[in-house]
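Working through the structure, step by step
Okay, here's what each chain looks like letter by letter:
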Amino acid sequence: MAGGGFTDAANLKRAHLYEYKITTYFIFACIIGSSGGLLFGYDLGVSGGVTSMDDFLKEFFPAVYEKKHAHLHETDYCKYDNQILTLFTSSLYFAALFAAFGASYCTRTRGRRVSILVGAVSFFIGALVNAFAKNIPMLIVGRCFLGGGIGFGNQAVPLYLSEMAPAKIRGAINQLFQMTTCIGILIANFINYGTEQIHPWGWRLSLGLATVPATIMFVGGLFLPETPNSLIERGLLEEGRKILEKVRGTSQVDAEFDDLVDASNASKAIKHPFRNLLKRKNRPQLIIGALGIPAFQQLTGNNSILFYAPVIFQSLGFSTGASLYSAVITNAALVVGAAISMSLVDKFGRRAFFLEAGAEMFVIMVVVGVTLAVYFGDGKPIPKGTGVFLVIIICLFVLAYGRSWGPLGWLVPSEIFPLETRSAGQSMVVCVNMIFTALVAQCFLVSLCHLRYGIFLLFAGLILVMSAFVFFLLPETKQVPIEEIYLLWESHWFWSKIVGGQEKSVSDV
């Protein structure tokens with residue numbers, strides 16, 4: 001099969017010798033570690049709702065408030081087209097982009113746990129600044145602190161979960177990050193729905209409650225064990241073995257420990273991990289994990305819906321309350337999608353979810369674009385039946401994203417980098433993801449204004465391209481030990497020509 005290149009995990013080096021049990025210690029570490037997703041999710045969910053609240057707009061963006069109510073009984077693609085307003089959302093992701101570089105150094109030299117703690121503190125500060133903001137500069141400063149928290153959290157948490165998880169259930173465990181992200185989004189939408197009724201400071205409560213997930217992440221992080229991979233990478237072999245035995249629930253960890261030590265020895269020879277990413281042997285990870293998947297994850301159009309769901313629904317003629325309620329329903333579909341993916345991704349594999357959901361998302365975006373072209377945009381309220389149809393079909397889109405590009409956009413990159421470039425690679429993943437997240441957040445409303453329904457057709461075309469990218473270039477990684485992923489490139493129809501079938505790629509430094 002041209003797009004597959006799958007190598008059975010049982011045939012990979014010492015993988016068949018790995019042993020593990022699901023222990024209470026392991027479950028605790030994964031649940032607390034994955035709480036970092038709450039930070040990301042809460043912000044994704046809260047910002048769009050806050051920017052649609054009248055009290056917030058009157059205090060900081062009176063021009064947008066007047067524009068919104070000047071045509072109260074009309075629909076308009078351009079109601080919220082204000083670049084300073086969208087900067088409120090996108091500034092966080094620009095800050096996360098820069099924070100990811102510092103997070104890479106911290107994650108590599110101080111460990112995954114320390115990065116999680118730093119991220120929690122930065123996010124807590126940002127939430128307080130936003131809650132007490134008196135002007136737009138204070139809002140932006142607060143968003144930058146939040147971005148620092150996101151940069152550190154998104155750098156460390158996927159790595160933490162992938163390294164703690166046994167190979168056979170790594171997909172489900174890593175997707176705890178996406179699940180908590182989705183839960184954070186849903187909680188934020190419920191909070192926005194309630195605080196919108198509290199005048200005139202309800203929006204402050206929405207932003208200030210971001211301190212809660214930050215506190216959970218920090219307090220839990222104090223009790224987290226470091227990953228065996230990180231401990232061994234930093235020369236703490238004895239401690240690393242003890243933690244490995246504890247999380248695996250068995251003392252029979254010789255095979256996995258030997259693989260980790262081998263990978264660590266190669267890692268120590270790397271003085272410039274970012275430069276090493278550019279080497280020929282790391283070309284598949286660079287193109288697939290650091291560039292393609294994180295960029296395409298944002299170009300699906302889903303985060304535009306997550307950021308601006310209340311704004312989109314208000315533009316379609318929904319009232320503020322109805323638009324927030326519709327956003328809650330939409331994001332509930334995201335949680336369901338994440339649960340489906342967690343349950344089945346290690347059974348059916350990453351490629352199956354990418355491709356099946358990609359086809360569904362393509363069709364839905366085309367239908368949304370055509371529906372808006374026919375029924376919307378002439379200054380008349382959209383028919384009620386058509387509005388309900390759009391909410392339902394957008395929920396189906398989010399459900400498809402929630403079981404594919406959402407969780408797998410973090411899972412696949414976190415599992416394909418060798419230890420020698422893992423921190424640097426994850427930084428690249430976060431940076432590229434945040435670049436495109438920020439661009440989408442900054443450009444979506446102006447694009448909606450000028451391209452109108454065409455923006456959804458553009459997303460449909462991008463989904464077609466990214467599905468082809470997965471089909472031809474991504475091998476199946478399910479149940480392959482994280483330190484033996486490199487063997488997949490050597491048997492892949494395309495990447496084998498690039499990496500040259502090296503006997504052991506991690507030793508080529």
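Residues numbered from 1 in each chain as written. Predicted model: local features only at pLDDT ≥ 70, side-chain atom pairs only at ≥ 80, totals over all residues. Heavy atoms only, no water.

**Quick notes on the overall build of the protein**
Worth spelling out the cut-off: Strands here mean DSSP runs of E at least two residues long; helices mean DSSP runs of H or I at least four residues long; both are numbered from the N terminus. Buried residues are those whose accessible area, probed at 1.4 Å on protein chains only, stays under 20% of the maximum for their type, while exposed residues exceed 50% and partly exposed ones sit between those limits. Whether two residues touch is decided by their heavy atoms; if any such pair falls within 4.5 Å, the residues are in contact. Surface accessibility follows the Shrake-Rupley procedure with a 1.4 Å probe radius. Residue values consider only the protein chains on display as shielding.
Scanning the protein for helices and strands turns up 25 helices and 0 strands. Relative to its 509 residues, the protein shows a buried fraction of 62%. Within the protein, contacts between residues at least 6 apart in sequence are counted, and of these 82% link residues at least 24 apart. Split by element, the accessible area of the protein, about 17,800 Å² in all, is 68% carbon and sulfur.

**Regarding the pattern of salt bridges**
Stated precisely, the cut-off is as follows: For this analysis, a salt bridge means a side-chain nitrogen from Lys or Arg found within 4 Å of a carboxyl oxygen belonging to Asp or Glu.
Counting across every chain of the model gives 17 salt bridges. A salt bridge links R112 to E163, with the shortest nitrogen-to-oxygen separation between them at 2.7 Å. Remark: E163 occurs in helix α7 (residues 136-164) and R112 occurs in helix α6 (residues 112-131); sequence separation between them is 51 residues. Considered together, R112 and E163 belong to a single accessibility category, that of buried residues. Of the charged contacts in the structure, one is a salt bridge between D346 and R350, with a shortest N-O distance of 3.0 Å.

**Considerations on the environment of G151**
Assignment of secondary structure puts G151 in helix α7. Expressed as a C-alpha distance, the spacing of G151 and A96, which sit 55 residues apart in the sequence, is 4.2 Å.

**Re empty space enclosed by the protein**
Applied cut-off: Only protein atoms enter the calculation, which uses a 1 Å grid: trapped sets of points that fit a 1.4 Å probe without letting it out are cavities, open sets showing protein on both sides within 12 Å along at least five of seven lines are pockets, and any residue with an atom within 4 Å of a point is a lining residue. Grid points are joined across faces, edges and corners, and a volume is the space filled by probe spheres set on the points. Think of it as three bins: nonpolar holds Ala, Val, Leu, Ile, Met, Phe, Trp, Tyr, Cys and Pro, charged holds Asp, Glu, Lys and Arg, and polar takes everything else, Gly as well.
Enumeration over the complete set of coordinates arrives at 7 cavities of 30 Å³ or more. Of the pockets and cavities examined, the largest cavity occupies roughly 110 Å³. Lining the largest cavity are 14 residues, with Y18, A165, R248, E256 and I482 positioned closest to its centre. When contributions to the lining of the largest cavity are tallied by element, the ones reaching two or more residues are α7, α13 (237-248) and α14 (254-268). Residue composition of the lining of the largest cavity, by class: 7 nonpolar, 2 polar and 5 charged. Here the second largest cavity is characterised by a volume of approximately 90 Å³. Taken together, 14 residues form the lining of the second largest cavity, with F40, L44, Q178, N303 and Y401 sitting closest to its centre. Listed by contribution, the elements that provide at least two residues to the lining of the second largest cavity are α2 (36-50), α9 (176-195), α16 (283-299), α17 (302-315) and α21 (405-416). The element best represented in the lining of the second largest cavity is α9, accounting for 4 residues.

**Here's the deal with the packing of α2 against α9**
Condition: Lines fitted to C-alpha atoms define the axes, with helix axes restricted to the stretch in contact, and inter-axis angles between N-to-C directions lie between 0 and 180 degrees. By the definition used in this description, the sense in which the near helix is turned from the far one sets the handedness, with an anticlockwise turn below a right angle giving left-handed and a clockwise turn giving right-handed.
Relative orientation of the contacting elements α2 and α9 amounts to 35 degrees, with a least axis distance of 6 Å. In this structure, α2 meets α9 at a crossing whose hand is right-handed. Along its contact with α2, which presents G36, G37, L38, F40, G41, Y42, L44, G45, V46, G49 and V50, the element α9 presents F177, T180, T181, I183, G184, I185, I187, A188, N189, I191 and N192. Here the residues of the contact of α2 with α9 are counted per class, giving 12 nonpolar, 10 polar and no charged.

**Describing the packing of aromatic side chains**
What counts, and what does not: Note on ring pairs: Phe, Tyr and Trp rings are taken, using the six-membered ring of Trp, and paired if centres are within 6.5 Å. Classes follow the plane angle, with under 30 degrees stacked, over 60 edge-to-face and the rest tilted.
Taken as a whole, this structure holds 13 aromatic pairs when the rule is applied. Ring centres of F40 and W410 lie 6.2 Å apart, and the angle between their planes is 90 degrees; this geometry places the pair in the edge-to-face category. In this pair, F40 is assigned in helix α2 and W410 in helix α21, connecting sequence segments 370 residues apart. By the burial criterion, F40 is buried, and W410 matches it.

**A short note on the side chain of T180**
What counts, and what does not: In protein, a polar contact means a hydrogen-donor-capable atom and an acceptor-capable atom, both N or O and within 3.5 Å, with residues adjacent in sequence counting only if both atoms are side-chain atoms; elsewhere, any N or O pair within 3.5 Å suffices.
Relative to the helices and strands, T180 resides in helix α9. The exposure class of T180 is buried, given its relative accessible area of 11%. Within the structure, the side chain of T180 is placed 3.0 Å from the backbone oxygen of F177, a separation counted as a polar contact.

**A word on a nonpolar patch on the surface**
To keep it simple, the criterion reads: Candidates for patches are residues over 30% relative accessible area with no salt bridge; among them, like charges are joined within 9 Å and nonpolar side chains (Val, Leu, Ile, Met, Phe, Trp, Tyr) within 5 Å.
A surface patch of nonpolar side chains, about 1,000 Å² in accessible area, is lined by F28, V121, F124, I125, L128, F132, V141, F145, F218, V219, L222 and F223. Within the residue set of the nonpolar patch, elements represented by two or more residues are α6, α7 and α11 (211-221). Tallying contributions element by element places α6 first for the nonpolar patch, with 4 residues. Along the polypeptide, F132 turns up in the loop between α6 and α7.

**A word on unusual backbone geometry**
A cis amide bond links H199 with the next residue in sequence, P200, at an omega value of 0 degrees. Structurally, the position occupied by P200 is in the loop between α9 and α10 (202-208). One non-glycine residue, R452, adopts positive backbone phi at about 55 degrees. The residue R452 is located in the loop between α22 (422-451) and α23 (454-473) in this model. The exposure class of R452 is partly exposed, given its relative accessible area of 32%.

**A word on the side chain of S91**
Residue placement: S91 occurs in helix α5 (residues 83-109). Not counting chain neighbours up to four residues away, the residues in contact with S91 comprise I140 and R143.

**Things to note about the environment of A290**
With respect to the helices and strands, A290 occurs in helix α16. Given the relative accessible area of 0%, A290 is considered buried. Spatially, the C-alpha atom of A290 lies 9.6 Å from that of S414, the residues being 124 residues apart in sequence. Those residues in contact with A290 that sit more than four places away from it in its chain are Q285, F417, M428, V429 and V432.

**Some words on the nonpolar core**
A general feature of soluble globular proteins is that nonpolar side chains tend to end up buried together. Convention followed: In these notes, a set of buried Ala, Val, Leu, Ile, Met, Phe, Trp, Tyr and Cys residues joined through side-chain atoms within 4.5 Å is what counts as a nonpolar core.
Among the nonpolar cores identified, the biggest contains 124 residues, and F56, I288 and W405 are the most heavily contacted of them. Examining the composition of this core, we find that 10 residues originate from one element, helix α20 (residues 384-402), more than from any other. With residues up to four places along the chain from it excluded, the contact list for I288 reads I293, P294, I416, F469, L473, L474, P475, W489 and W495. If you look at the next biggest cluster of nonpolar residues, it comprises 6 residues, including I232, L244, V253 and F257.

**Observations concerning the packing of α5 against α22**
We apply this condition: Orientation labels follow simple angle bins: below 35 degrees gives roughly parallel, above 145 gives roughly antiparallel, 65 to 115 gives roughly perpendicular, and whatever is left gives oblique.
Contact geometry for α5 and α22: axes closest at 8 Å, N-to-C directions at 175 degrees. Relative to α22, the element α5 lies roughly antiparallel. Per-class residue counts for the contact of α5 with α22 are 16 nonpolar, 10 polar and 1 charged.

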